[in-house]
Amino acid sequence: MTGTELLLWVIVPYLCLAVFAGGHVWRYRYDKFGWTTRSSQLYERRLLRIASPLFHFGILAALGGHVMGLLIPKSWTEAAGVPEVAYHAVSLTFGTIAGVGTVVGMALLIYRRRTVGPVFSATTRNDKMMYVFLAVTIVLGLVTTVLTNLTGHPHDYRETVSPYFRSVFYLQPQGELMAEAPLGFQLHVMSAWLLLAIWPFTRLVHVFSAPVGYLTRPYIPYRSRDDVAGSRKVKPGWEPVATSSRRP
Amino acid sequence: MRVMAQMAMVMNLDKCIGCHTCSVTCKQAWTNRSGVEYVWFNNVETRPGQGYPRTYQDQERWKGGWALNRRGNLSLKAGGRVKKLLSIFSNPLMPSIQDYYEPWTYDYETLTNAPAQEHTPVARPKSLISGKDMKVQWSANWDDNLAGSPALTVEDPILKTLGDKVKLEFEQTFMFYLPRICEHCLNPSCAASCPSGAIYKREEDGIVLVDQDRCKGWRMCVTGCPYKKIYFNHRTGKAEKCTFCYPRVEVGIPTVCAETCVGRLRYIGIVLYDADRVLEAASVEDEHELYMAQRSLLLDPDDPEVQREAELAGIPRDWITAAQKSPVWALINRFEIALPLHPEYRTMPMVWYIPPLSPVVDRLTETGHDGEDAKSLFGAIDALRIPISYLAELFTAGDPKPVRDVLARLAAMRSFMRDINLGREPDVSIPDSVGMTPEDIEDMHRLLAIAKYEDRYVIPTAHVEGADPQELAHKLEETAAECSLDYDGGPGMGGSGPFGESSGGASPLAVENFHMLKQRQTSDTFVDPADKRRRVNLLNWDGKGAGKDLFPPREGEHRGAPDIAQGAAGTDSPGVVEPRP
Ligand code: SF4
Ligand code: SF4
Ligand code: SF4
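Note that the structure is a prediction, hence the values are computed from the model and not measured. (Residues numbered from 1 in each chain as written. Chains lettered and ligands numbered in written order. Predicted model: local features only at pLDDT ≥ 70, side-chain atom pairs only at ≥ 80, totals over all residues. Heavy atoms only, no water.)

(A) Representation of the overall build of chain A within the structure. Along its length, chain A carries nine helices and one strand. For 248 residues, the compact-globule formula gives about 18 Å, and the C-alpha radius of gyration of chain A, at 23 Å, lies well above that figure. Seen along its three principal axes, the alpha-carbon backbone of chain A occupies a region of about 75 × 45 × 40 Å. Taken across its 248 residues, chain A has 44% of its residues classed as buried. Taking the intrachain contacts of chain A between residues at least 6 apart in sequence as the baseline, contacts between residues at least 24 apart amount to 77%. Surface summary for chain A: the accessible area is close to 13,100 Å², and the carbon and sulfur share equals 72%. If the 24 positive side-chain charges of chain A are averaged to one point and the 13 negative ones to another, these points end up 18 Å apart. (Helix = DSSP H or I, 4+ residues; strand = E, 2+ residues; numbered from the N terminus. Rg over C-alpha atoms; globule rule 2.2 N^0.38 Å. Buried < 20%, exposed > 50% of the residue type's maximum accessible area, 1.4 Å probe, protein only. Contact = heavy atoms within 4.5 Å. Areas by Shrake-Rupley, 256 points an atom, 1.4 Å probe, with all protein chains shown as cover. Lys, Arg positive; Asp, Glu negative; His and termini not counted. Charge placed at Lys NZ, Arg CZ, Asp CG, Glu CD.)

(B) Structural detail: the overall build of chain B. A tally of helices and strands in chain B yields 25 helices and 15 strands. For chain B, the residues scored as buried account for 58% of the 581 residues in total. Long-range pairs, those at least 24 residues apart, make up 69% of the contacts in chain B with a sequence separation of at least 6. By element, 53% of the accessible surface of chain B is carried by carbon and sulfur atoms, the whole surface being about 23,200 Å².

(C) Inspection of the sheet that holds strand β8 (residues 199-202) of chain B at higher detail. Strand order across the open sheet formed by three strands is β1(A)-β8(B)-β9(B), with mixed pairing between neighbours. Taken across any chain shown, the strands that pair with only one partner, and hence form the sheet edges, are β1 (222-223) of chain A together with β9 (208-210) of chain B. Looking at chain direction, β1(A) and β8(B) are connected through two bridges and run parallel. Paired with A:Y222 across the bridge in β8(B) is B:K201. (Pairing = 2+ DSSP bridges.)

(D) The arrangement of the packing of helix α17 (residues 374-383) of chain B against helix α19 (residues 400-421) of chain B in detail. Residue and element names in this part refer to chain B. Contact geometry of α17 with α19 gives a least axis separation of 9 Å together with a crossing angle of 160 degrees. The angle between α17 and α19 falls in the class roughly antiparallel. The crossing of α17 and α19 is right-handed. Of the residues in α19, those in contact with A374, L377, F378, I381 and D382 of α17 are R404, L407, A408, A411, A412, R414 and S415. (Axes fitted to C-alpha atoms, helices over the stretch in contact; angles between N-to-C directions. Parallel < 35°, antiparallel > 145°, perpendicular 65-115°, else oblique. Left-handed = near helix turned anticlockwise from the far one by under 90°.)

(E) Just the nonpolar core, in detail. Judged by nonpolar contacts, the single largest core of 163 residues is most densely connected at B:Y38 and B:L331. Tallying contributions element by element places α19(B) first for this core, with 10 residues. If we skip the residues at most four places from it in the chain, B:Y38 touches A:L42, B:Y52, B:I97, B:Y100, B:Y101, B:P103, B:Y231, B:F232 and B:H234. One finds A:L17, A:L70, A:Y164 and A:A197 within the second-largest nonpolar core, a separate group that totals 17 residues. (Core = buried A, V, L, I, M, F, W, Y, C linked by side-chain atoms within 4.5 Å.)

(F) Highlighting the pairing of strand β11 (residues 238-241) of chain B. All names here are of chain B. Both faces of β11 are covered, namely the face carrying K238 and E240 and the face carrying A239 and K241. Pairing between strand β10 (residues 230-233) and β11: four bridges, direction antiparallel. Considered in β11, the bridge of Y231 is made with E240.

(G) Highlighting the packing of aromatic side chains. Under the definition given, this model contains 25 aromatic pairs over all chains. Relative to B:F89, the ring of A:F57 has its centre 5.1 Å away and its plane inclined at 80 degrees; by these criteria the two rings are edge-to-face. Taken together, the residues A:F57 in helix α2 (residues 46-71) and B:F89 in the loop between α3 (81-86) and β5 (104-106) connect one chain to another. For B:F89, a relative accessible area of 16% puts it in the buried group. Consider the rings of B:Y52 and B:Y101, whose centres lie 5.9 Å apart with planes at 50 degrees: the pair is tilted. Pair noted here: B:Y52 is in the loop between β2 (43-47) and α2 (59-62) and B:Y101 is in the loop between α3 and β5, with a separation of 49 residues, a long-range link. Judged by relative accessible area, B:Y52 falls into the buried class, the value being 0%. Since its relative accessible area comes to 8%, B:Y101 is described here as buried. Linked through ring pairs, B:Y38, B:F41, B:Y52, B:Y100, B:Y101, B:W104 and B:Y231 together constitute an aromatic cluster. Across the ring face of A:Y87, the terminal group of A:R158 is positioned such that the distance to the ring centre comes to 3.4 Å. (Phe/Tyr/Trp six-rings, centres within 6.5 Å; stacked < 30°, edge-to-face > 60°. Lys NZ or Arg CZ within 6 Å of the ring centre and 35° of its normal.)

(H) How the structure looks around the sheet that holds strand β14 (residues 339-340) of chain B. Residue and element names in this part refer to chain B. With mixed pairing, the five strands of this open sheet are ordered in space as β13-β12-β1-β15-β14. At either end of the open sheet lies a strand with only one pairing partner, and these are β13 (298-299) and β14. Here strand β1 (residues 3-12) pairs with strand β12 (residues 266-274) via nine bridges, running antiparallel. Across the sheet, V3 pairs through a bridge with D274, a residue of β12. The strands touched by helix α14 (residues 317-325) are β1 and β12; relative to β12, the strand with the most contacts, the crossing angle is about 115 degrees.

(I) Structural context of helix α7 (residues 161-170) of chain A. Residues and elements named next belong to chain A. For α7, the tally of buried residues reaches seven of 10 residues, placing the bulk of the element in the interior. For α7, the full list of buried residues reads V161, S162, P163, Y164, R166, S167 and V168. Tucked into the core, α7 has its buried residues touching α1 (3-30), α2, α8 (175-180) and α9 (183-198). In the stretch just after α7, L171 is the one whose phi turns positive, near 65 degrees.

Keep in mind that these numbers describe shape and distance, not what the molecule does.
In structure tokens:
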């Protein structure tokens, strides 16, 4: 591993992951109120009706594809008797469908955000930055997949990117594997690491509140009143002066 | 039997004059913020009319509340859990801002800034959503007092169910006001629709609240509530709803809307109910039976068995006493004149209504009859079938009988008490004919007509470990007063947090409102730029001080935030002009 490889594929990724994890913990502790989807459906719903499901289901499918491609080692699928060609055909087809859905959905969403007045004025600088990182990552991903396949000699990322990705989590990072991958893959992976680093500070945090618990919880939650009268809990460190008997 | 206590309200529609004071005071107290400009926790609609948001009662369109599925089980009308999760990215059943109205303000600045010209300058309406010029086309009470009738009125979903002939006749015979707040339902479909589980019912008093930290903005509750009393704050991305003014009722004072009601028509008290039987009552097959099923949930606080169970369930003694004295319980179960709004939504709503007799009386007097004579009143109630079927669609899922009985009781009280007030021998056959005793009628009269403050509001204070009510009240003040000085950080203190409008820790409500008001009065754009908070809005001007941007700065004076201390103490600087009438 050269110094550049070490920096790009080991140091930066670990930094990004640390920010990703630490950022979420920090945000969850200090900014639960800001943790929301900030839906703009109230302003506009016709475009959203098509674009949002297209984008979200597309990206969920793409996520599923990534889990398969990155986490399942090649040796496993081969042991299961899936030939390389078949694997690639399937992954290319589904990857392209999901990718195109995602990109079209995203394009519509960005178009909507820019042209629908109320939606645009509700867009913060933070949102705009997030859109850049997200869009670059997604487009690079799709373009790379399609381009390398068009050349007729698809790059087998399961020899390079996938083992590299897993190695990061084994804590034995093999940065040199990434150096062998084509430029498209390198850019996609790098932008993804950076996206992860800004993730906890954007509205993307809503991904981690996907409400799966809804499927099993009782319909109507009951809760006991907080023991503090008045509008809200007093912040730690700001309790009013009182003798212990008066403290709630 | 699992006894629970529920804070409930009754509104006596005969007395509502449609003044909207309740809406305005509630707005001043709770939704005087950006993001909730269009939100009216309390709204007053003219019936017949479209309501707010438009045609919200048309559940075939909006799919709010519960319905029985094919197997006869209670299920959310908009679809079950899986369907909800699948439509989470775009909720097809959520009203858009046009179904409410686009909030606006006026460009008052041109009135003072415009150069000398031939024509008087005009303050044009500006959208509070986009900041652009707009044409004002709808509002929360656009069809007030049947304005725009009949063109607008025919869109009333209730009128539509009554058929064509009725529509025309209707407008000449009948109009009344319907103030609405959240129903704090026993079986709240808003809570059931929330994927995050952020909406909960408080165990102690049944108030339904949204946990602002847990709400993730999935918007399913807006669809779920058939009364459309959950609103989406478009700035913070969170759902908000009427809180039954819990910081007030916890210390024993009535809600803002009730306290300020000009007609003094609202009653607040607690009722005890059997939580184990709620589902069963909400699943009754025949819609006409829902009213009685809902009533049967309420437990008699004078029954020793109920009292014992209540104490076992941890309900404090003074709450049981309050339940015995509750005006709400008396109006629903002793006098039997309060009816629930739209029981057919099966949410078991807990704001009840005494239907109005006044349209019947008006009709009588208009045609030269005696509006206080028992016989002509009873006759008119039976003859005026249209108002009764309309009221029945509102309060009893279309069953005219209970509405008729209530109106008969009100009519009986009217003529019976007239004789007493005029010093004549009262006709005891009148109470008898509606199944009441003269004492009942007199008690009912005391509650409805004299309506003393302490009879209207029987609100037990919340129990907090180691604190008596006075101390609690003091604490409520303390939280508001101290924090405004002590508290730092959080969205209330000065603009948004780092991640947009809604980020940052929670700040006490009072502090938040204080800073919002200040920012609003000192801003110079109409729409808040997403990263900052600025706004001039005369609606929110409290009449104290001279919201500086209302007037061009004088020479030698800077535009900017007024000094807080100065505003509070009312010692105006020389540059500040006192508002003139
Ligand atoms: S009326 Fe209130 S408690 Fe009932 S469903 Fe609507 S928001 Fe929920
Ligand atoms: S109870 Fe309070 S929050 Fe609810 S409508 Fe009345 S004033 Fe508004
Ligand atoms: S304040 Fe009272 S009288 Fe006036 S509109 Fe509201 S409920 Fe009716």
